[in-house]
Amino acid sequence: MVASFPSERKHMKRKFIRDQTAEGYIDVAITMLILFTLMASIMALFPIFTAQQSLNQTAKYMARTVELYGKADDGTLQSVTENGEFIVPDTVEIETQWYDASEKTIQLKTQFTITVKKTVPIVILRPALGEPLTINVNITASARGISEVYFKK
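Here the structure is a predicted model, which means the values were calculated and not measured. (Residues numbered from 1 in each chain as written. Predicted model: local features only at pLDDT ≥ 70, side-chain atom pairs only at ≥ 80, totals over all residues. Heavy atoms only, no water.)

With that settled, the discussion passes to the sheet that holds strand β3 (residues 133-146). Hydrogen bonds along the backbone pair up the strands of a sheet, which may run parallel or antiparallel. With respect to topology, three strands assemble into an open sheet ordered β1-β2-β3, the strand pairing being antiparallel. Looking at which strands have only one partner, the edges of the open sheet turn out to be β1 (91-96) and β3. Strand-to-strand, the axes of this sheet are offset by a mean angle of 20 degrees, without reference to chain direction. Sheet analysis places strand β2 (residues 111-125) next to β3, joined by 14 bridges and oriented antiparallel. Along β3, the bridge assignment pairs P121 with N136. On the sheet, helix α2 (residues 23-69) packs against β1, β2 and β3 and is oriented at approximately 25 degrees with respect to β3. (Pairing = 2+ DSSP bridges. Helix = DSSP H or I, 4+ residues; strand = E, 2+ residues; numbered from the N terminus. Axes fitted to C-alpha atoms, helices over the stretch in contact; angles between N-to-C directions. Contact = heavy atoms within 4.5 Å.)

Turning to the confidence of the model for the protein chain, a few remarks are in order. Chain-level statistics for the protein chain give a pLDDT mean of 86 and a share of 86% at 70 or above. Helix α1 (residues 6-19) is the least confidently modelled element of the protein chain, averaging 56 in pLDDT, while β1 averages 95, the highest of any element. (pLDDT = per-residue confidence, 0-100.)

The next subject is the nonpolar core. Ranked by size, the top nonpolar core spans 21 residues in total, and within it V66, F112, I114 and V116 carry the most contacts. Only α2, α3 (74-81), β2 and β3 provide two or more residues apiece to this core. For this core, the element with the highest residue contribution is α2, accounting for seven residues. (Core = buried A, V, L, I, M, F, W, Y, C linked by side-chain atoms within 4.5 Å. Buried < 20%, exposed > 50% of the residue type's maximum accessible area, 1.4 Å probe, protein only.)

Before going further, it helps to spend a moment on the pairing of β2. With six bridges connecting them, β1 and β2 associate as antiparallel partners. Following the sheet pairing, E93 is matched in β2 by T115.

The next thing to look at is the side chain of E67. Looking at where E67 falls in the secondary structure, it is placed in helix α2. Given a relative accessible area of 13%, E67 falls into the buried group.

Below, the structure written as structure tokens:
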């Protein structure tokens, strides 16, 4: 076991303070720059994740509405997004075997799939003069259901 004397400790401490060349400060600055860039990226991509969750809920609620009414016409689908609780999709596609294609009715126990699509703009750069640089991201959500309405001929 080596014992160090107080005078040696003072000498080592002074030498350490004199030899410090700000490398630690540069490392901290680079780390902070990387951290801020990462946080800015996450904040820029956050709207995609929230829009995807909202679109999933919209698709599920539309599927449930079609199950209850047995109809997939424009009025029925728009009733889902009328009150503002759900996101309004750009397109709505329904895959099924129609009972009456002109009225868009679905017979009892007939399966269907609703696919909704939405384009979400992500702003990459906002210059002081000019248009912002954006990337449009297409997101989709789908939900399945089975009609609960019986139509008589």
